[in-house]
Amino acid sequence: MPGFPPTGTEQRRSFLKYLLGGSFIAWLVAVLYPVFAYLKPPKVGEVEVSSIKVGKVNDFSPNSGKVVRFGNKPAIIIRKPDGSFAAFTAICTHLACTVQYRPDLGLIWCACHNGKYDLNGKNIAGPPPRPLEPYKVILKGDDIYITREA
Amino acid sequence: MANQRFSQRLYRWLDDRYQLDDLLHLVGKKYVPLHHHSLWYYFGGVTLFLFGIQVVTGILLLLYYKPSASEAFESIQFIMSKVQFGWLIRSVHSWSANLMILSAFIHMFSTYFTRAYRSPRELTWVSGVLMFFLVLGAGFSGYLLPWNELAFFATRVGTDIAGQIPIIGKPILEFLRGGEDVSGATLSRFFGFHVAIIPALITTLLVLHLAFIQRQGMSVPLGMEHVEVPEEKRLPFFPNFMLRDLLLWLIVLNVLAILAVFFPWELGKKADPFASAPAGIRPEWYFLFMFQTLKFIPSKIFSLDGEVIGILLFGVAGVLWVLVPFLDTKSSRGIKVRGMTYIGIFIVMYMIAFTILGYIL
């Protein structure tokens, strides 16, 4: 009724409408919240690995590479043609495939989308947008360790 | 004679309770228009038939399959080598999945080119495209279940693509993977999506899709609907069209059997999360054009990550595709917009060209 102040009945009616609508939304949230929370996977206690032993120097011939397990993620260790070592995360920065060393190219290569990285982990060809995260290689006597860079 | 009387009595018994005569009358009034594009009407039915095959063979596989990272691969090995006809059931399930996607593609593009989506059938199109996306989701989630090397990396890449979406990407990725990485938790989730959630959603949409078609009748291609359709140019749905449908389904079933027997589906190597992606890795053919596009996109476009742009473009294209009936409103007024045909041809050519490139490069 335009121009007229709302009558008592109408005020009561709109109050009840909001009350009912509000309770319905609250009810919906109370039902849906546990469902959505359930869908979110719980954080599994991840073992924080800071350093692993990958083998002995003689296990690696120059111009070769190997994917090893670093905590829950794959890492790649490479013995360059000059005999020195380098290690990186093995997860391609493009779409998370696991990379490999290509002795024929002397490069780190991702089979999924033909991404290429040089031996410093820098993305040099194909779709990868960022370099591979490097790990530090430590030689203790004959043993090779890789650690997260501090 | 006694038999006939029994069937007649049974019919009358049911008719008394459920008024079957009304239903038969309704079915008798349904006609399929005959014209030189009538062929395309069959692909919806073929897709439906293959969906039925998927449900049946899927249920059979469920009886032996074990959805865990340590047992999935071995359980499929068991199905294929020890269970009688297990190899056949699994091979039929895989082949039928691929044929179903192919036939859904054909069905979808034929309705696009004949403008069957135009008013009043907008929601038939929308429900159909949503089902198509769900079918792709079923293909993607089912691909992981054997837990082999190719599937593992396909899932890694596929879920990482979802993770690239700005802001909401990370939660989606974790929701899909059931954690940060592709693991046994991902397999459990994909199993749930594949055998319960996606089929339930498809079935719901399918009921709507078919109800819409029943209610509105079959669309006639744009420009043909004003032509007076003579009696002999319409085919009664029951029994004429249905029998042709059934005959075609029989042919499809035979093709399926031949493919499944002579080209049995490979199982490959068991997935190892700490091995490099094998050379020559590629997704299933229906994702190949997107995969190839992502390969071609440079790493940086205007200081933005190339793949993010690629993924967003595909996302936008998908949304536009759902909205086609609301974008091409002229077709509802009987005007055929040439541009829509060209866009459709472009999309089909793009998909074919990039799929071929995906195989040869």
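Below or above, wherever it landed, is the structure these notes cover. Keep in mind that this is a model prediction, so the values were computed, not measured. (Residues numbered from 1 in each chain as written. Chains lettered and ligands numbered in written order. Predicted model: local features only at pLDDT ≥ 70, side-chain atom pairs only at ≥ 80, totals over all residues.)

### Concerning the overall build of chain B
Thinking step 1. In terms of helices and strands, chain B carries 14 helices and four strands.
Thinking step 2. Each of the 361 residues in chain B was classed as buried or not, and the buried ones make up 32%.
Thinking step 3. Considering only contacts in chain B between residues 6 or more positions apart, those separated by 24 or more positions represent 77%. (Helix = DSSP H or I, 4+ residues; strand = E, 2+ residues; numbered from the N terminus. Buried ≥ 20, exposed ≤ 12 C-beta atoms within 10 Å, placed from the backbone. Contact = placed C-beta atoms within 7 Å.)

### Looking at the sheet that holds strand E4 (residues 85-89) of chain A
Residues and elements named next belong to chain A.
Thinking step 1. Read from one edge to the other, the open sheet built from six strands follows the order E1-E10-E9-E4-E3-E2, with strand pairing classed as antiparallel. Strands at the two margins of the open sheet, each flanked by one partner only, are strand E1 (51-56) and strand E2 (64-70). Within the sheet, the average angular offset between the axes of one strand and its neighbour, ignoring direction, is 30°.
Thinking step 2. Relative to E4, strand E3 (residues 73-79) is paired through five bridges, and the arrangement is antiparallel. Bridge pairing in E4 places Ala75 opposite Thr89. (Pairing = 2+ DSSP bridges. Axes fitted to C-alpha atoms, helices over the stretch in contact; angles between N-to-C directions.)

### Points about the packing of helix H6 (residues 122-144) of chain B against helix H9 (residues 184-216) of chain B
Residues and elements named next belong to chain B.
Thinking step 1. It is at 9 Å that the axes of H6 and H9 come closest, and there the two elements cross at 160°. Here H9 runs roughly antiparallel to H6, going by the angle between their axes. The crossing of H6 and H9 is left-handed.
Thinking step 2. Among the residues forming the contact of H6 with H9, the class breakdown is 18 nonpolar, eight polar and no charged. (Parallel < 35°, antiparallel > 145°, perpendicular 65-115°, else oblique. Left-handed = near helix turned anticlockwise from the far one by under 90°. Nonpolar A, V, L, I, M, F, W, Y, C, P; charged D, E, K, R; others polar.)

### Quick notes on the interface of chain B and chain A
Thinking step 1. Contacts between chain B and chain A engage 26 residues on the former and 24 residues on the latter.
Thinking step 2. Only helix H7 (149-163), helix H8 (169-177), helix H11 (285-296) and helix H12 (306-322) of chain B provide two or more residues apiece to the side of chain B that touches chain A.
Thinking step 3. The dominant element in the side of chain B that touches chain A, judged by the number of residues it contributes, is H7 of chain B, at five residues.
Thinking step 4. When grouped by side-chain class, the residues that make up the side of chain B that touches chain A number 13 nonpolar, five polar and eight charged.

### Let's talk about the sheet that holds strand E8 (residues 123-125) of chain A
Residues and elements named next belong to chain A.
Thinking step 1. Read from one edge of the open sheet, four strands run E5-E6-E7-E8, paired in antiparallel fashion. The sheet is open, and its two borders are formed by strand E5 (100-102) and E8, each paired with just one other strand. Here the average twist between neighbouring strands, direction ignored, is 40°.
Thinking step 2. Bridge count between strand E6 (residues 107-110) and strand E7 (residues 115-117): three bridges; the pairing is antiparallel. Opposite Cys110, over in E7, you have Gly115 as the bridge partner.

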